[in-house]
Every structure is written in structure tokens, then in C-alpha cells.
Amino acid sequence: MFSKNLKYYRLRNNLSMKELANRIGVTSMAISNYEKGIRTPDMQILRNLADALHVNIMDFMSVRNKELKFQHGEFRKNSSLGKIKQEYIRESIEEYFNRFLSIISILGEAVLPKAPRCHAMQLSEDDEVNAKSLRSYLNIAPEGPVGNLVDILENYGILIFADEFDHDFSGINGMINSRPYIAINKCMTPERQRFTIVHELVHMFFIWSNDLNESACDSKSNAIAGAFLFPRNDAIRELGIRRTGIYRDMVLSAQEFGISMLCLAYRAKELKIVTEAAYKDFMMQASRAGWRKNEPPRIEPEESTLFKQLVYRAVAEGEISVQKGAELLQVPYAEVEEAVCNEG
């Protein structure tokens with residue numbers, strides 16, 4: 001669908017309609033009409049658009065599934081992301097899942113598990129109870145480290161999309177027809193990506209009261225996410241009932257549970273394993289070390305492999321060509337060919 005693809009590539013280049021119009025010598029109204037599907041550009045303007053947006057003309061012709069209905073979550077009201085960047089994130093999500101779900105339509109819906117129902121869980125005042133309930137809802141053990149979250153959720157029918165976005169963006173959730181998705185920023189550390197995923201799960205599966213404002217919802221979601229990743233009994237077993245401060249030995253526990261030291265310290269404070277004063281002392285040290293914005297990663301990133309696996313399967317079974325597989329994954333032809341040959 002030319003109109004949607006044009007908008008996607010314009011936003012990817014961080015251009016307003018007016019800026020793109022000035023680059024190719026047309027009016028901003030013309031760009032608006034192209035993106036709405038009201039008008040179609042002639043071949044010369046199409047070439048100019050491709051040059052201005054650093055793409056091939058054929059990139060504009062990628063097929064979009066008109067049957068897909070997207071419902072995107074809201075960005076935070078105090079987000080510093082501008083309108084163009086917010087639109088780009090939404091368009092990136094739609095562009096990716098159009099490619100992803102095209103392979104599902106070829107292989108059949110049965111290749112994806114049925115997703116759990118969203119907004120189905122009652123919210124308790126006790127965040128430890130909420131965290132345990134969410135683990136149970138997702139068939140995860142009530143205690144102990146949570147393994148590869150991306151694999152767990154994709155095997156449970158929840159779609160995950162990670163890409164490099166503006167640093168002011170962390171994550172968002174939404175629906176594609178009746179299937180939930182979570183999109184996260186790949187620029188974040190693996191620990192923060194995991195925390196963000198759980199934060200979005202909390203928003204997605206609990207029933208939220210309209211009486212709670214955005215700040216209260218976010219605070220509660222963060223508290224539940226921390227308890228989900230580092231449950232009370234695990235924290236006490238790993239750290240002890242009382243500690244005089246946050247020390248280097250705790251890094252091993254943070255690594256084991258796939259959380260940041262900032263998250264571990266906050267959990268230790270909330271569970272009264274350390275005092276408020278000890279927590280504040282740690283946070284001052286963390287600030288001096290630059291950890292509040294850039295804590296060093298200690299675990300490997302969790303990559304989604306489901307899309308790639310399904311494309312390789314379709315190529316191997318002759319459902320699509322190697323060229324089509326490369327187009328869907330947006331990788332070189334040789335990469336898909338080599339992977340399928342190696343599998344054989």
C-alpha cells in the first residue's frame with residue numbers, strides 16, 4: 001500500500017510533510033493526499049520521493065494487509081517524544097507486523113498459540129500478590145528467576161517487537177485484531193528491556209480503575225514489575241533479611257534474576273532488607289557513576305527469533321521463495337539461502 005509505506009519512510013527520516021514537500025518541489029497538501037491515498041504521484045515524483053527518503057521505488061510497493069486492525073496504547077502524557085517520533089513508532093510497529101503476519105497467513109494461524117485474554121485480572125492492593133497472579137496467568141513458576149521473557153511470551157501468543165528508537169521511548173503495548181503485542185526500544189540495556197516488557201504486561205492484563213491517574217498507574221506497574229522479576233521470598237533468600245547497605249556481592253543476584261542493580265536496590269528498600277538511608281546512599285553512588293541513565297548491562301540481550309524461524313520454515317517447505325523470505329526479513333538474499341541450506 002503506497003500511502004502507508006510513504007508515511008512510514010517519511011517518518012523514519014524524521015521529516016514533516018512540509019519538509020518532504022520542500023525537498024521534492026511539491027506542496028505539503030500533495031504529500032498529505034499521497035499519504036491518505038487520495039492521489040497517486042507520477043513516476044518522476046515517485047523517483048524524487050525515493051531519492052529524498054533514501055529508498056528504492058519498490059519499497060513503496062510493499063503489500064499491506066488491510067484486514068489488520070491496530071489499536072495502539074497511549075504514550076505517556078509527559079513524554080518528550082514529539083508528534084513525528086510518536087507517529088514513527090506506531091508506523092514502525094504496523095510495518096513490522098504486516099511483514100510478520102503475512103507469513104502467518106501463509107503457514108496458517110495454528111503456528112501461533114492462542115493469546116491470553118487482556119484486562120482479565122483483578123488488581124489487588126498488594127503488589128506481591130499481583131506479581132504472583134501475573135506469573136500464574138502466564139504459567140510461570142511463582143518464585144525463581146524468569147528465563148528468556150521474549151521466548152516465554154511469544155510461545156504464549158504475545159507478539160514482541162524490538163527496534164532502535166529515540167532514547168525517550170521505552171515501550172508500548174497494543175492489539176493487532178485480537179492479538180496483543182508489546183514494542184520496546186532495543187537501545188535500552190537487556191535488563192531494562194525485561195523490566196519494560198513486564199511493565200507493559202501489567203498494563204495489558206490487569207483491570208485498571210479510572211480513578212487512578214497516569215502517574216499512579218505507572219508507579220503501581222513498576223512496583224508489580226519489580227516483584228514479578230524479583231519476588232519477595234527470592235529477594236530475602238538471595239540478600240538476607242537485613243543488610244547494612246547495597247554491596248557488590250548483590251550484582252550476582254541481579255545478574256541471576258535479569259534485573260538492574262537499581263531495580264534490586266529498590267526492591268531491597270521496599271522489602272525493608274535495607275533502610276531508606278542505605279538506599280539513598282546507594283542511589284547517590286549510582287548517580288555519580290552515571291547508572292541512573294546508563295547502568296552497564298550484565299546479561300545477554302533477549303532476541304526474538306520467531307519471525308525468522310517461520311520465514312525459514314516457509315522457504316524450506318517451498319511455501320515462499322528465498323527472495324520473498326529475504327524481503328520479509330529485510331536481509332540479504334544470501335543470508336536466507338545460506339540459513340535454509342544449512343538447515344537442510
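> Which residues make up the packing of aromatic side chains, and what are the values?
Scanning the entire structure with this criterion turns up 20 aromatic pairs. Both rings, one in Y9 and one in F60, keep their centres 6.1 Å apart while their planes meet at 80°; by these two values the pair is edge-to-face. Taken together, the residues span a long stretch of sequence, with Y9 in helix α1 (residues 2-12) and F60 in the loop between α4 (43-53) and β1 (70-72) at a distance of 51 residues. When sorted by exposure, Y9 lands in the same class as F60, which is buried. Measuring from centroid to centroid gives 5.5 Å for Y137 and F205, while their planes differ by 65°, and the two rings are edge-to-face. Placement of the pair is Y137 in helix α6 (residues 127-137) and F205 in helix α8 (residues 190-205), with a sequence separation of 68 residues. Residue class for Y137 comes out partly exposed when judged on its relative accessible area of 24%. The ring centre of F228 lies 5.4 Å from the NZ or CZ of R135, which sits over that ring. One cation-aromatic arrangement involves R298 over W291; the distance from NZ or CZ to the ring centre is 5.0 Å.

> Residues and numbers for the sheet that holds strand β3 (residues 171-176), please.
Read from one edge of the open sheet, 4 strands run β1-β3-β4-β2, paired in mixed fashion. This sheet does not close on itself; its edge strands, each paired only once, are β1 and β2 (159-163). The mean angle between the axes of side-by-side strands here comes to 25°, regardless of whether they run parallel or antiparallel. One ladder, built from 3 bridges, connects β1 with β3; its direction is antiparallel. Of the residues in β3, the one forming a bridge with F70 is I176. Across the sheet, helix α5 (residues 83-107) is in contact with β1, β2, β3 and β4 (179-185); its angle to β2 comes to roughly 125°. Its contacts with the sheet place α8 against β3 and β4, and it is angled at close to 145° to β4.

Cut-offs used in this document
Residues numbered from 1 in each chain as written. Predicted model: local features only at pLDDT ≥ 70, side-chain atom pairs only at ≥ 80, totals over all residues. Heavy atoms only, no water. Phe/Tyr/Trp six-rings, centres within 6.5 Å; stacked < 30°, edge-to-face > 60°. Helix = DSSP H or I, 4+ residues; strand = E, 2+ residues; numbered from the N terminus. Buried < 20%, exposed > 50% of the residue type's maximum accessible area, 1.4 Å probe, protein only. Lys NZ or Arg CZ within 6 Å of the ring centre and 35° of its normal. Pairing = 2+ DSSP bridges. Axes fitted to C-alpha atoms, helices over the stretch in contact; angles between N-to-C directions. Contact = heavy atoms within 4.5 Å.

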